[in-house]
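Letter by letter, the chains look like this.
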Amino acid sequence: MRLLLLGAPGSGKGTQATMLAKRLGIEHLSSGDLLRLEIERRTPLGAQVGDLMAAGDLVPDELVIDLMMPYVEAANDRGGWLVDGFPRTLGQAERAYELARARDALLERVVHLVADADQLVDRLLARAHKEGRADDTEATIRHRMEVYTKQTEPLKQFYADRGLLLEVDANGPVEQVNAEIIAGLGAGAA
Ligand code: AP5
């Protein structure tokens, strides 16, 4: 299976992707985690993206595409993938579509996690106390949400036009959201 999880910061992409990948036996690829790994390893890419990520801005399309596509292609050869956080702009979606089509690895479903803005901010501020991610200050969280609305939300229509979009209410508890995704995907019992 080849899946994308789409949703605003705090909507639960990472949480749900981890659970789903395990259940479906496919690889979970998180663009945010892979970019943070580049920063941690002090690679040239990490040096280029650190300030942008700390400010809550998106990394340029070509850098993310060059980072992510080799991971996606390798996971494709191993039986499937679930990507969380990429594509995130129309430019990324169009380029990823061309590259995936050439390799017979097109997305099969896009799960859009929809949650109220207040709930998103509360979740991320709660995480800030536990994990201290550089981009989890209140001002940066609000900026990330604006960036999401402007640059990522148009992807909903892009995927709806291709008949791939599954909308899921992500306001409830983690297990409930997970059950709704599984039911929507028709992924059956574990
Ligand atoms: P990324 O790491 O993708 O961050 P994000 O989109 O801001 O998402 P979060 O990780 O904050 O939230 P999430 O939706 O994954 O929720 P989670 O499960 O963690 O991206 C970070 C940055 O990297 C971007 O700003 C950008 O700079 C760069 N980047 C990444 N991809 C890029 C791309 N393609 N192009 C350009 N730049 C890119 O949950 C959040 C919290 O809520 C957790 O504490 C969790 O325990 C809790 N929670 C989850 N679900 C629930 C629930 N149902 N009920 C209660 N609490 C819950």
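Residues numbered from 1 in each chain as written. Predicted model: local features only at pLDDT ≥ 70, side-chain atom pairs only at ≥ 80, totals over all residues. Heavy atoms only, no water.

**Q** Please explain the packing of aromatic side chains as it appears in this structure.
**A** Geometry of an aromatic ring pair is reported as the spacing of the ring centres plus the angle between the planes. Taken as a whole, this structure holds 1 aromatic pair when the rule is applied. Measuring from ring centre to ring centre gives 5.0 Å for Phe-158 and Tyr-159, while their planes differ by 90 degrees; the resulting arrangement is edge-to-face. For Phe-158, a relative accessible area of 9% corresponds to the buried category. Stacked on the ring of Tyr-97, the Lys or Arg Arg-162 has its end atom at 5.5 Å from the ring centre. Lying over the aromatic face of Phe-158, Arg-162 brings its terminal NZ or CZ to 3.7 Å of the ring centre. (Phe/Tyr/Trp six-rings, centres within 6.5 Å; stacked < 30°, edge-to-face > 60°. Buried < 20%, exposed > 50% of the residue type's maximum accessible area, 1.4 Å probe, protein only. Lys NZ or Arg CZ within 6 Å of the ring centre and 35° of its normal.)

**Q** Explain the layout of surface pockets to me, please; I cannot follow it from the model alone.
**A** With a probe scaled to a water molecule rolled over the atoms, the places where space remains empty come into view. Each pocket or cavity is described by its volume, and for the largest pocket that value is around 960 Å³. Lining the largest pocket we find 43 residues, and of these Gly-10, Lys-13, Arg-127, Arg-133 and Arg-144 sit closest to its centre. Residue assignment for the lining of the largest pocket shows that the elements contributing at least two residues are helix H1 (13-24), helix H2 (31-40), helix H6 (117-131), helix H7 (138-152) and helix H9 (174-185). Partitioned by chemical class, the residues of the lining of the largest pocket number 13 nonpolar, 18 polar and 12 charged. In this structure, the second largest pocket is lined by 18 residues; those nearest its centre are Ala-96, Tyr-97, Ala-100, Leu-106 and Leu-107. (1 Å grid on protein atoms, 1.4 Å probe; cavity = no way out; pocket = protein on both sides within 12 Å on 5 of 7 lines; lining within 4 Å. Points joined across faces, edges and corners; volume = space filled by probe spheres on them. Helix = DSSP H or I, 4+ residues; strand = E, 2+ residues; numbered from the N terminus. Nonpolar A, V, L, I, M, F, W, Y, C, P; charged D, E, K, R; others polar.)

**Q** When you look at the site of the ligand in this model, what are you seeing that I'm missing?
**A** In the vicinity of the ligand there are 30 residues, among which Thr-15, Ser-31, Asp-57, Arg-88 and Arg-144 approach most closely. Between the ligand and Gly-14 there is a distance of 2.9 Å, counted from an oxygen atom to a backbone nitrogen or oxygen. In this structure, an oxygen atom belonging to the ligand sits 2.7 Å away from a side-chain N or O atom of Arg-144. Protein contacts shield 88% of the accessible area of the ligand, which totals 1,000 Å² for the unbound molecule. (Near = heavy atom within 4 Å. Polar contact = N/O pair within 3.5 Å; in protein donor to acceptor, adjacent residues only side chain to side chain. Areas by Shrake-Rupley, 256 points an atom, 1.4 Å probe, with all protein chains shown as cover.)

**Q** I tried to follow the side chain of Asp-136 on my own but got confused; where do I start?
**A** Summarising the element assignment, Asp-136 is placed in the loop between H6 and H7. For Asp-136, a relative accessible area of 3% puts it in the buried group. Among the polar contacts made by the side chain of Asp-136, one reaches the side chain of Arg-127 at a distance of 2.8 Å.

**Q** I tried to follow the packing of H2 against helix H4 (residues 61-77) on my own but got confused; where do I start?
**A** Pairs of packed helices are described in terms of their axes, by the angle between the two and the distance that separates them. Contact geometry for H2 and H4: axes closest at 11 Å, N-to-C directions at 115 degrees. As for the relative orientation of H2 and H4, their crossing is right-handed in sense. From H2, Ser-31, Leu-34, Leu-35 and Glu-38 reach across to H4, where they touch Leu-67, Met-68 and Tyr-71. Among the residues forming the contact of H2 with H4, the class breakdown is 5 nonpolar, 1 polar and 1 charged. (Axes fitted to C-alpha atoms, helices over the stretch in contact; angles between N-to-C directions. Left-handed = near helix turned anticlockwise from the far one by under 90°. Contact = heavy atoms within 4.5 Å.)

**Q** What am I meant to see in empty space enclosed by the protein here?
**A** Tallying each qualifying case throughout the model produces 2 cavities of 30 Å³ or more. Of the volumes computed, that of the largest cavity is approximately 60 Å³. In terms of lining residues, the largest cavity is bounded by Leu-4, Leu-5, Leu-6, Gly-7, Lys-13, Gly-85, Phe-86, Pro-87, Arg-88, Tyr-148 and Thr-152. Mapped by element, the contributors of at least two residues to the lining of the largest cavity are strand E1 (2-7) and H7. Looking at the lining of the largest cavity, the element that brings in the most residues is E1, giving 4 residues. Broken down by class, the residue content of the lining of the largest cavity amounts to 6 nonpolar, 3 polar and 2 charged. Of the pockets and cavities examined, the second largest cavity occupies roughly 30 Å³.

Everything listed is a geometric property; what it means functionally is a separate question.
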